[in-house]
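This is what each chain is made of:
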Amino acid sequence: MNTAVAEQDRKVVDSRLVLGIVAIGVLLSSLDLFIVNVALPEIAADFSGSHISGLSWVLNAYAIVFAALLVPAGRLGDRGGNRTTFLVGLGLFILGSALCAVAWNTGALVGFRVVQAIGGAMLTPASLGLVLAATPPERRAMAVRLWVAFGGLGAALGPVLGGLLVEIDWRWVFLVNVPIGLAALVVGWRLLPNPAGDGGALPDGFGALMLVASVAALILALVKGEDWGWGSAGVIGGLVAAFVFGLAFVLSSRRHHSPVVDPALLRLPNFALMVGNSMLFNIAFAGMLLSVVLWAQNVWGWSALQTGLAIAPGPLVVPIVAVLAGKVIAKLGAGPVILLGGVLFAAGILWWTVSVTLTPNFAGGLLGGMLLTGLGVGLTLPTSFATGTAGLPPQRFATGSAVLSMARQLGLAIGVAILVAVLGTPAGPDATLEAFQRGWYVIAGAAVAAGIVGLAARLPRPTA
């Protein structure tokens, strides 16, 4: 009996160690989706002759490559082993970060961001695959909630850390990843477990190419919609290409003996529902984060550092709520908790529609909304991810989590595009306030819709 208890304790310790190691990689890759935004003006000043429109590819290249490669990278991890995929991905991410820090012009920086994105796409699904494989089934929901909380924390704290690091030098936005990543790489090389991959046939190469092309075309059309014009040939062509490539991917997946995404995944309990919830909620999340940054900096005239610090209270509550959510799930079930999270998030957004004015006011304006949205994120994102991955077979841990992560990235891109379109180009302070209020109503609607989709989840309630 004592031997069994000791073995169980060892597994718990191992799973916590694995979570601690991989969380560093997830945090860094998530941070880099958002931390660079605040550095663009300084980069433009350093690279004389560069324009913000050209530098936007520093952001777009990372987002497009990261989102497009998530699922193929997840399938690679499931087949060949998630430990190797995670470590190689982390190594590439560190290398890309170091190269970005010494970039000599815009072209070099964009190219090195692609290296970063490849590494981030490899390590993200493999990291959750390692966590799920190392964690006893009864503790997996909590482990997934913590894993997601780290990613959400990195996304929301990006503007804070970016503002602080830019005060030193914009190159520190990238350089800070190197020592932290190297420490995680060394510890991971020595201590991470090495669960065997399924070792099956090589995945459908044509299908993988079609998936990458479809996601890349869709993200490109969304992120460039405002610059190129939503009715432009470039945007319409991108959307059409995304549909055609996506259709080719679906047809190939149905016929190939080793598809990149097994269609059976979508028939697992709650998986398709949580893909939809993840996309909808991240539409709201991206719109919220961008709207706060634009309002604080462009309307209130706050610095990047002031804006980042104003955002911080929301993400700081996310890990706390993610841990405590298990007790609420045990009483209510996963679906009601996801709905509650969506409603609280929407309530935080609606708070701004009645409390935010043209006069800067943090305590009576932004703060209440940030805290409520933080509660919503802490309840929704971790619970949704845990619910979506609960039914995954061990040989599809990384692929399944990659599909959910890809839905998240698509939601982020769509959310930014929707907010920019709703805001338009208002003339004058009063029109600007009205435009942001319209945007906040749309964001709140997306959050409620995500909660309603999540309510349909049906999982057995935890017993402890």
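Residues numbered from 1 in each chain as written. Predicted model: local features only at pLDDT ≥ 70, side-chain atom pairs only at ≥ 80, totals over all residues. Heavy atoms only, no water.

Participant: Describe in detail the confidence of the model for the chain, supporting the description with residues and values.
Facilitator: With 92% of its residues at a pLDDT of 70 or more, the chain shows a mean pLDDT of 83. Looking over the chain, one finds the lowest element-wise mean pLDDT in helix α1 (residues 2-31), namely 65, and the highest in helix α15 (residues 334-355), namely 95. Between residues 460-464, whose pLDDT stays under 50, and residues either more than four places distant or in other chains, the model counts six contacts. (pLDDT = per-residue confidence, 0-100. Helix = DSSP H or I, 4+ residues; strand = E, 2+ residues; numbered from the N terminus. Contact = heavy atoms within 4.5 Å.)

Participant: For the packing of aromatic side chains, give the residues involved together with the corresponding values.
Facilitator: What the rule picks out here adds up to 12 aromatic pairs. A ring pair is formed by Trp147 and Phe385, whose centres lie 5.3 Å apart and whose planes are at 50°; its orientation type is tilted. With Trp147 in helix α6 (residues 140-166) and Phe385 in helix α16 (residues 362-389), this pair connects stretches of sequence that are 238 residues apart. A relative accessible area of 5% means that Trp147 is categorised as buried. Considering the side-chain rings of Trp295 and Trp300, the 6.2 Å spacing of their centres and the 70° angle between planes classify their relative orientation as edge-to-face. The buried category is assigned to Trp295, whose relative accessible area is 1%. Residue placement shows Arg83 over the ring face of Trp189; its charged tip is 5.3 Å from the ring centre. (Phe/Tyr/Trp six-rings, centres within 6.5 Å; stacked < 30°, edge-to-face > 60°. Buried < 20%, exposed > 50% of the residue type's maximum accessible area, 1.4 Å probe, protein only. Lys NZ or Arg CZ within 6 Å of the ring centre and 35° of its normal.)

Participant: Just give me the short version of the packing of helix α13 (residues 304-311) against helix α14 (residues 313-332), but keep the residues and values in it.
Facilitator: Contact geometry for α13 and α14: axes closest at 4 Å, N-to-C directions at 35°. Here Leu309, Ala310 and Ile311 of α13 lie close against α14, whose contacting residues are Pro313, Gly314 and Pro315. (Axes fitted to C-alpha atoms, helices over the stretch in contact; angles between N-to-C directions.)

Participant: Quick rundown of helix α11 (residues 233-255)? Include the residues and the values.
Facilitator: Look at α11: 33 Å from first C-alpha to last across 23 residues, which is about the 33 Å you get at 1.5 Å a residue. Among the residues making up α11, those that are buried are Val235, Gly238, Ala242, Gly246, Ala248, Phe249, Ser252 and Ser253. Tucked into the core, α11 has its buried residues touching α9 (205-223) and α10 (225-228). (Expected span 1.5 Å × (residues − 1).)

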